[in-house]
Amino acid sequence: MALLEIEGLKTYFTTREGVVRAVDGVSFHLDEGELLGLVGESGCGKSVLALSLMRLVPPPGEIVGGRVLLAGRNLLELSEEEMRQIRGSRIAMIFQDPMTSLNPVYTVGEQIAEALRLHRKLSRREAREAAIEAMREVAIPDPDRRVDDYPHQLSGGMRQRVMIAMALACDPQILIADEPTTALDVTIQAQILELLDSLRRTRNLAILLITHDLGVVAETAERVIVMYTGRIVEESPVEELFAHPKHPYTEGLLRSVPKLTLAGVRKAERLQAIEGNVPKLTRLPPGCHFAPRCPYRMARCTESEIPLYELGGGVRVRCVLYDSTVIARADVEEKSATR
Amino acid sequence: MNDSGMNEAGADQTTPLVRVRGLVKHFPLEADGLVVRAVDDVSFDIFRGETLGIVGESGCGKSTLGRCLLRLIEPTRGEITFDGRDLLKLKSGELRALRRDMQIIFQDPYASLDPRMRVRDQIAEPLAIHRLGTKSERRARVAELMRKVGLDPDYMDRYPHEFSGGQRQRIGIARALALNPKLIVADEPVSALDVSVQAQVINLLEDLQEEFGLTYLFISHGLAVVEHISDRVAVMYLGRIVEMARAEELYSRPLHPYTRALLSAIPIPDPRRKRERIILRGDVPTPINPPSGCRFRQRCPEALPECAETDPRLREVSPGHTVACIRVPGWSSARQVE
């Protein structure tokens, strides 16, 4: 059984412009000690999904359907008090901007110690010692001295380390990391990604890493989920995703990013951009939401909802090109063409 | 232009459009008499029709450098020659006239557009400021510019919030083009855009460069984008250029330890390509109190005791490839260029 199993999760926001289906029927699982990448552009619902797993969706958002099973227990049915126990001790979360989650008037040591004391019975002194130990584990230099620093005295990278130390204070099994390196410089990003990977290995921590950066996913994740307008459009083992992207959106994303060649050749070719823009969630097209931008679109794409097709080998894709009847017809056409 | 002055990228290598020598911008801090050395003695040329990329992390001075070039920020000292004229000696009227030739595109197209102004008026604003054309001529020019950047002129009476991020950046580009500039400083022009939209804007910038013979100073922390768009690239660290070369040379043969670490830190969207990663120790220091000698030495995996004593300057170690590091073979005997 998977550590975390999400089934048909729906989180909607009721706004003046209509209902925003930020997360619209999302199902996936997370295993112990794995790093699962979740990629998508702004508005794809990846951050709302993360908040939904923690049951921290701000109003007017509301989880309106589905199940979140942690070791078989549905978190959506727990009382607020029971959920508070789960947060931190079983599932913890870190965000893009640590400054907004740290309290500027307390030292970082006090804040880590508070996280510890919430879940473990520790004296003040024990909590301080444990906070220093937690800072050491996330490779903050000079933890004995840094423990008394205020958040503004630390760099962005150090603040993110403090957030990770707080998140891990109560030894959770799952860490949800929402764009944890997006606000950081690239040399600091490399340090944080390395830290997350070593924590995953040493603590057998399951990490859901949410990012818009395909490079980050390629270098850290074992499996990847791609979201578009509130839905999963593709799930795949990482090597398969980058070698053989199935969904036209995934394919388009991979083609549109300039790749570092480091090869010493002058590239004259143009980037292959995806045409159009991400649609507004209040004005989604019928059927496949990507169809208006898709180079392969056909009449069927907009006629009905497209399911996620299971292709075996851990690959799922939401595209009619992978419907067996469409594939069968293409085979026939290909045969008749070659005859 | 004749063939002899052209390189393969179409840039005229004979006379630079922009010549910068010893540019310095220090911001005094109110407290303690400290000084932020945002740009600290930088020299380079930008040739006509080329794209010079500037890469570096936050606080390296790349944005300040771009703004100094347009005199949106007054440099502390140094020399900037634009199209043969000494930019820093111009009187305000002369400067205003010359500003027609140089424009800037900002990172956040929403913050740089006025939310209460119709798109038509934003794009026409530079024309109005320079009192060019009648009202109907300006309107026709706005429609033409919108078509050039891939926007439907029927939308010219709308407000910025009615456009997506990518479309707003196109509006910013249309406004920058309004006066037929020679130079465009593009300061992180795609960093705020969604991945799938970035490519559209990059392609647009390349098309416009070809059509209008534009010269770009392209500032970004995104090394892959810079490699794609630039003819030459300068790497900045703490207010200094530490390495500069043609793009393909810099990315295939990086010489400065900082450039090498930076390139190795970029995650590449290809899980089969496993690379040796150089993880730098420590944080990016602030430009308030840069270390003595080489500014990178405290994070440098190759630093020697001598690095604390010599402040290395750019030297040309192979044709067109300059670097500021005493550890680079051939550096000590190479010609100093700044």
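Residues numbered from 1 in each chain as written. Chains lettered and ligands numbered in written order. Predicted model: local features only at pLDDT ≥ 70, side-chain atom pairs only at ≥ 80, totals over all residues. Heavy atoms only, no water.

Draft legend 1. Expanded view of the UniProt feature "domain: ABC transporter" (unreviewed entry) in chain B. Per the UniProt entry, the sites bearing "domain: ABC transporter" (unreviewed entry) are residues 18–263 of chain B in this numbering. Taken end to end, residues 18–263 of chain B is 37% helix and 27% strand, and its two terminal C-alpha atoms sit 28 Å from one another. (UniProt positions renumbered as here; feature names shortened; annotations may be inferred. Helix = DSSP H or I, 4+ residues; strand = E, 2+ residues; numbered from the N terminus.)

Draft legend 2. Layout of the pairing of strand β3 (residues 35–39) of chain A. All names here are of chain A. Among the five residues in β3, five count as buried, and that is most of the element. Here β3 shows a buried face lined by Leu-35, Gly-37 and Val-39 and a second buried face lined by Leu-36 and Leu-38. With four bridges connecting them, β3 and strand β9 (residues 223–228) associate as parallel partners. In the sheet register, Leu-38 faces β9, and the bridge partner there is Ile-225. (Buried < 20%, exposed > 50% of the residue type's maximum accessible area, 1.4 Å probe, protein only. Pairing = 2+ DSSP bridges.)

Draft legend 3. Main features of the interface of chain A and chain B. Taken residue by residue, the interface counts 45 residues in chain A and 45 residues in chain B. Overall, the association of chain A and chain B removes approximately 4100 Å² of surface from exposure, summing both partners, and the carbon and sulfur fraction of that is 55%. A salt bridge links Asp-207 of chain B to Arg-270 of chain A; its shortest N-O distance comes to 2.5 Å. Run the count over chain A and chain B and you get 15 residue pairs in polar contact (both at pLDDT 80 or more). Among the elements of the structure, α8 (186–203), α9 (214–220), α10 (238–243) and α11 (248–256) of chain A are those that each provide at least two residues to the side of chain A that touches chain B. The element that contributes the greatest number of residues to the side of chain A that touches chain B is α8 of chain A, accounting for seven residues. (Contact = heavy atoms within 4.5 Å. Buried area = accessible area lost by both parts, 1.4 Å probe. Salt bridge = Lys/Arg side-chain N within 4 Å of Asp/Glu carboxyl O. Polar contact = N/O pair within 3.5 Å; in protein donor to acceptor, adjacent residues only side chain to side chain.)

Draft legend 4. Layout of the UniProt feature "domain: ABC transporter" (unreviewed entry) in chain A. UniProt marks residues 4–254 of chain A with the feature "domain: ABC transporter" (unreviewed entry), using the numbering shown here. From the first C-alpha to the last, residues 4–254 of chain A spans 28 Å; its make-up is 41% helix and 28% strand.

Draft legend 5. Broad picture of the domain arrangement of chain A. Residue and element names in this part refer to chain A. Segmenting chain A into domains produces domain 1 (4–229) and domain 2 (242–258 + 272–338). A per-residue breakdown of the area domain 1 buries against domain 2 is headed by Leu-214, Tyr-228 and Thr-229, which together make up 42% of the total. On inspection of domain 1 and its partner domain 2, the count reaches four residue pairs in polar contact (both at pLDDT 80 or more). Listed by contribution, the elements that provide at least two residues to the side of domain 1 that touches domain 2 are β2 (18–30), α9 and β9. Element by element, the count of residues in the side of domain 1 that touches domain 2 is highest for β2, at seven residues. Residues belonging to the side of domain 1 that touches domain 2 are distributed by class as follows: ten nonpolar, seven polar and two charged. (Domains from an automatic or database assignment. Nonpolar A, V, L, I, M, F, W, Y, C, P; charged D, E, K, R; others polar.)

Draft legend 6. Looking closely at the nonpolar core. Membership of the largest hydrophobic core comes to 68 residues, with the highest contact counts inside it found for Ile-112, Val-162, Ile-164, Leu-175, Val-224, Phe-242 and Tyr-249 of chain A. It is helix α7 (residues 156–168) of chain A that provides the largest number of residues to this core, a total of eight residues. Composition of this core by domain shows at least three residues from each of domain 1 (4–229) and domain 2 (242–258 + 272–338) of chain A. Apart from the residues within four sequence positions on either side, Val-224 of chain A is in contact with Leu-36, Gly-37, Val-39, Val-217, Glu-234, Glu-235, Ser-236, Val-238 and Leu-241 of chain A. By size, the runner-up hydrophobic cluster in this structure holds 65 residues, among which are Val-190, Tyr-237, Ile-266 and Phe-296 of chain B. (Core = buried A, V, L, I, M, F, W, Y, C linked by side-chain atoms within 4.5 Å.)

Draft legend 7. Fine view of the sheet that holds strand β4 (residues 61–70) of chain A. Residues and elements named next belong to chain A. Judged by pairing direction, the sheet is antiparallel, and its four strands sit side by side in the order β2-β1-β4-β5 without closing on themselves. Among the strands making up the open sheet, the edge pair consists of β2 and β5 (73–74). For strand β1 (residues 4–15) and β2, the ladder comprises ten bridges, and the chain directions are antiparallel. Directly across from Lys-10, in β2, lies its bridge partner Asp-24. Here helix α1 (residues 46–54) sits on the sheet and contacts β1, β2 and β4; the angle it forms with β1, its principal contact strand, is near 115°. (Axes fitted to C-alpha atoms, helices over the stretch in contact; angles between N-to-C directions.)

Draft legend 8. Spatial organisation of the packing of α7 of chain A against α8 of chain A. Residue and element names in this part refer to chain A. Two numbers describe how α7 lies on α8: the axes approach to 10 Å, and their chain directions differ by 20°. Considering the angle they form, α7 stands roughly parallel to α8. Once α7 is placed against α8, the crossing between them reads as right-handed. Of the residues in α8, those in contact with Gly-157, Gln-160, Arg-161, Ile-164 and Leu-168 of α7 are Ile-188, Gln-191, Ile-192, Leu-195, Leu-196, Leu-199 and Arg-203. (Parallel < 35°, antiparallel > 145°, perpendicular 65-115°, else oblique. Left-handed = near helix turned anticlockwise from the far one by under 90°.)

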